[in-house]
Amino acid sequence: MKNKIEKYLTEVQSFEANSLEQLEAFRIKFLSKKGLVPLLFADFKLVAPEDRKEMGQLINSLKTAVQEKIITLKQLLENQTDKQASGLDLSLPATGSPGTRHPLSIVRNEIIDIFSRIGFTVSEGPEIEDDFHNFTALNFPPNHPARDMQDTFFIEKDPDIALRTHTSSVQVRVMESSEAPIRTISPGRVFRNEAISARAHCIFHQVEGLYIDTDVSFADLKHTLFYFAKEMFGETTKTRFRPSYFPFTEPSAEMDISCNICGGKGCNICKYTGWVEILGCGMVDPNVLEACRIDSKKFTGFAFGMGIERIAMLKYQINDLRLFFENDLRFLRQFVSAE
Ligand code: PHE
């Protein structure tokens, strides 16, 4: 009898079921009225008194083993049927990428791509900056209004620590830590204390560029930005430069492109002028080079900075800046990128 029970136990342990029907057959075989377990209990009468304790325990452990096996296999099989019923196997790896890229990422990647084709590298820096990198090294006079609480989110006073108001701060860091020639762009998030409206936000994104070498001229600046405008907005795009002022560049300019919506004829986007402004630029002020320990007698350079939101608004004809930050899926799903 002992051998018989042990044989049954091994059979129970190695039993696998592919269907609930197979499992039911297994249950009937062992536990039904005329099943193997009740039969063993029936035979128990014949067991010699001295062996009864051991046999009793053995039959009971067989019974428990059968019951546990049924519970485990039942759970397993029911889970499988659930999965088949919903047509979903959640354990499979995802195919394709869910969702689409944010329009600001698409435009940022395109800007990076355009400039990297002419040798610009990408540099990044901290969003929380000290006064030196955001203002002082960039030739902001001590009482310049841009340092004012109106524009800047200060985190600490004396010494001033603030959220960077532009990514020119990254260029200061690059100039400090590397030797000329330098050819780099710095994409990143910037912060200004502005009321949120269709045209302004307290958080936006910039790409600023810097080129420093011997004999860099304003003609190099114009040609580089002309190339950028054509790559970004199309071969027929025209550019024009208007004199402007920035503390860190001299001379400074703003660059307009011919309105990409009406082609220069005049529409409400370009306010019937045929031109839209897309960036600020200029020749790096020698004071900035010196503050960053670059010999301004030997080297010259140009810099430029643009808002990614502005470029994206023009490119995709979006008229409200707030759409970029609301993450409404109906808006986001309209943008599809190659990668
Ligand atoms: N830093 C300027 C801004 O944030 C843009 C700029 C960069 C202008 C470089 C000129 C040269 O508005």
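This structure is a prediction, so every number in the text was calculated from the model and none was measured.

## Brief notes about unusual backbone geometry
Then comes step 1: Note that the residue after Asp158, namely Pro159, is joined by a cis bond; omega there is -5°.
Then comes step 2: You can see Pro159 is positioned in the loop between β3 (154-156) and β4 (161-163).

## Let's talk about the sheet that holds strand β9 (residues 275-284)
Then comes step 1: If you trace the seven strands from one edge of the open sheet to the other, you get β1-β5-β6-β10-β9-β8-β7, paired in mixed fashion. The sheet terminates laterally at β1 (121-122) and β7 (239-246), the two strands that pair on one side only.
Then comes step 2: The sheet contact formed by β9 and strand β10 (residues 300-307) spans five bridges and is antiparallel. By the bridge assignment, Cys281 is partnered in β10 with Phe304.
Then comes step 3: In the packing of helix α8 (residues 218-233) onto the sheet, contacts are made with β7, β8 (249-258), β9 and β10, and the angle to β9 comes to roughly 150°.

## Regarding the site of the ligand
Then comes step 1: Within the structure, the ligand sits among 13 residues, and His166, Ser168, Arg192, Gln206 and Glu208 are positioned closest to it.
Then comes step 2: A distance of 2.9 Å separates an oxygen atom of the ligand from a polar atom in the side chain of Gln206.
Then comes step 3: Contact with the protein chains hides 89% of the accessible area of the ligand, taken as 320 Å² for the molecule alone.
Then comes step 4: Those elements that place two or more of their residues in the shell around the ligand are β6 (203-213), β9 and β10.
Then comes step 5: By residue class, the composition of the shell around the ligand is five nonpolar, six polar and two charged.

## Quick look at the domain arrangement of the chain
Then comes step 1: Segmenting the chain into domains produces domain 1 (2-86) and domain 2 (103-332).
Then comes step 2: Between the C-alpha centres of domain 1 and domain 2 there is a distance of 76 Å.

## Notes on the pairing of β10
Then comes step 1: Counting buried positions along β10 gives seven out of eight residues, so the element sits mostly inside the fold.
Then comes step 2: For β6 and β10, the ladder comprises eight bridges, and the chain directions are antiparallel. Looking at the pairing, Gly209 lines up with Phe304 of β10.

## Some points on empty space enclosed by the protein
Then comes step 1: All chains considered together, the criterion is met by one cavity of 30 Å³ or more.
Then comes step 2: By volume, the largest cavity is sized at about 70 Å³.
Then comes step 3: Lining the largest cavity are Leu138, Ser168, Gln171, Met175, Glu208, Leu210, Phe248, Thr249, Val284, Val288 and Ala303.
Then comes step 4: Elements that contribute at least two residues to the lining of the largest cavity include exactly α7 (168-177) and β6.

## Quick notes on the sheet that holds β3
Then comes step 1: Spatial ordering of the open sheet is given by β2-β4-β3, a layout of three strands whose pairing is antiparallel. Strands with a single pairing partner mark the edges of an open sheet, and in this sheet they are β2 (128-130) and β3. Strand-to-strand twist of the sheet, defined as the mean angle between neighbouring strand axes without regard to direction, takes the value 35°.

## Overview of the environment of Glu254
Then comes step 1: Locating Glu254 in the fold gives a position in strand β8.
Then comes step 2: Taking relative accessible area as the criterion, Glu254 reaches 19% and is therefore assigned buried.
Then comes step 3: Sequence spacing of Glu254 and Cys281 is 27 residues, and the spatial spacing of their C-alpha atoms is 6.0 Å.
Then comes step 4: Every residue in contact with Glu254, bar those within four places of it in the chain, is listed here: Arg240, Phe241, Arg242, Ser244, Glu277, Leu279 and Gly280.

## A short note on the environment of Pro93
Then comes step 1: The topology assignment puts Pro93 in the loop between α4 (52-86) and α5 (103-116).
Then comes step 2: Pro93 sits 119 residues away from Ile212 along the chain, and the two C-alpha atoms are 48 Å apart.

## Structural notes on the layout of surface pockets
Then comes step 1: Of the volumes computed, that of the second largest pocket is approximately 210 Å³.
Then comes step 2: Forming the walls of the second largest pocket are 14 residues, and the residues nearest its centre are Arg108, Gly188, Arg189, His205 and Ile308.
Then comes step 3: Of the residues contributing to the lining of the second largest pocket, the split by class is five nonpolar, five polar and four charged.

## With respect to the packing of aromatic side chains
Aromatic ring pairs: the centre-centre distance and the angle between the two ring planes describe each pair.
Then comes step 1: One pass over the structure, following the stated rule, counts 17 aromatic pairs.
Then comes step 2: Relative to Phe30, the ring of Tyr8 has its centre 6.1 Å away and its plane inclined at 90°; by these criteria the two rings are edge-to-face. Of this pair, Tyr8 sits in helix α1 (residues 2-14) while Phe30 is found in helix α2 (residues 20-31), placing the two residues 22 residues apart along the sequence. In this pair, the class of Tyr8 matches that of Phe30, namely buried.
Then comes step 3: Ring centres 5.4 Å apart and planes at 75° place the aromatic pair Phe115 and Phe120 in the edge-to-face group.
Then comes step 4: Judged by relative accessible area, which is 0%, Phe115 ranks as buried.
Then comes step 5: Ring pairs connect the aromatic residues Phe115, Phe120, Tyr211, Phe228, Phe302 and Phe304, which therefore count as one cluster.
Then comes step 6: Arg52 extends its terminal NZ or CZ atom over the ring of Phe44, reaching a point 5.7 Å from the ring centre.
Then comes step 7: Its guanidinium or amino end placed over the ring of Phe154, Lys157 lies 4.3 Å from that ring's centre, counting from NZ or CZ.

Analysis parameters
- Throughout this document, residue positions are counted from 1 along each chain, in the order its sequence is written.
- Restriction of local features to residues with pLDDT of at least 70 applies here, the model being predicted, together with a cutoff of 80 or more for giving and counting side-chain atom pairs; totals for whole chains, interfaces and linings are based on all residues.
- Hydrogen atoms and water are omitted, and side-chain values are computed over all heavy atoms in the structure.
- A run of DSSP states H or I qualifies as a helix once it reaches four residues; a run of E qualifies as a strand once it reaches two. Both are numbered from the N-terminal end.
- For two strands to be treated as a pair, DSSP must find no fewer than two bridges joining them.
- A contact between two residues is defined here by any heavy atoms of the two lying within 4.5 Å.
- Lines fitted to C-alpha atoms define the axes here, with helix axes fitted over just the stretch in contact, and angles between the N-to-C directions of these axes take values from 0 to 180 degrees.
- Put simply, a residue is near a molecule or strand once any heavy atom of it comes within 4 Å of that molecule or strand.
- Throughout this description, a polar contact denotes any pair of N or O atoms lying within 3.5 Å of each other; where both atoms belong to protein, one of them has to be capable of donating a hydrogen while the other can accept it, and for residues adjacent in sequence the pair is counted only when both atoms sit in side chains.
- Method for areas: the Shrake-Rupley scheme with a 1.4 Å probe, in which residue coverage is limited to the protein chains shown.
- Each residue gets one label: Ala, Val, Leu, Ile, Met, Phe, Trp, Tyr, Cys and Pro are nonpolar, Asp, Glu, Lys and Arg are charged, and the others, such as Gly, are polar.
- Segment limits for the domains were obtained from an automatic or database-derived domain assignment.
- Any residue under 20% of the maximum accessible area for its type is buried, any over 50% is exposed, and the rest in between are partly exposed; the area is computed with a 1.4 Å probe on protein chains only.
- The distinction between a cavity and a pocket rests on a 1 Å grid over the protein atoms alone: a 1.4 Å probe fits inside a cavity but cannot get out, while a pocket stays open yet meets protein on both sides within 12 Å along at least five of seven lines, and a residue with an atom within 4 Å of a point counts as lining.
- Grid points are joined across faces, edges and corners, and a volume is the space filled by probe spheres set on the points.
- Each Phe, Tyr or Trp ring, with Trp reduced to its six-membered ring, pairs with another whose centre is within 6.5 Å; inter-plane angles below 30 degrees give stacked pairs, above 60 give edge-to-face pairs, and intermediate values give tilted ones.
- Comment: the charge-over-ring label is applied if NZ (Lys) or CZ (Arg) is within 6 Å of the ring centre and within 35 degrees of the ring normal.

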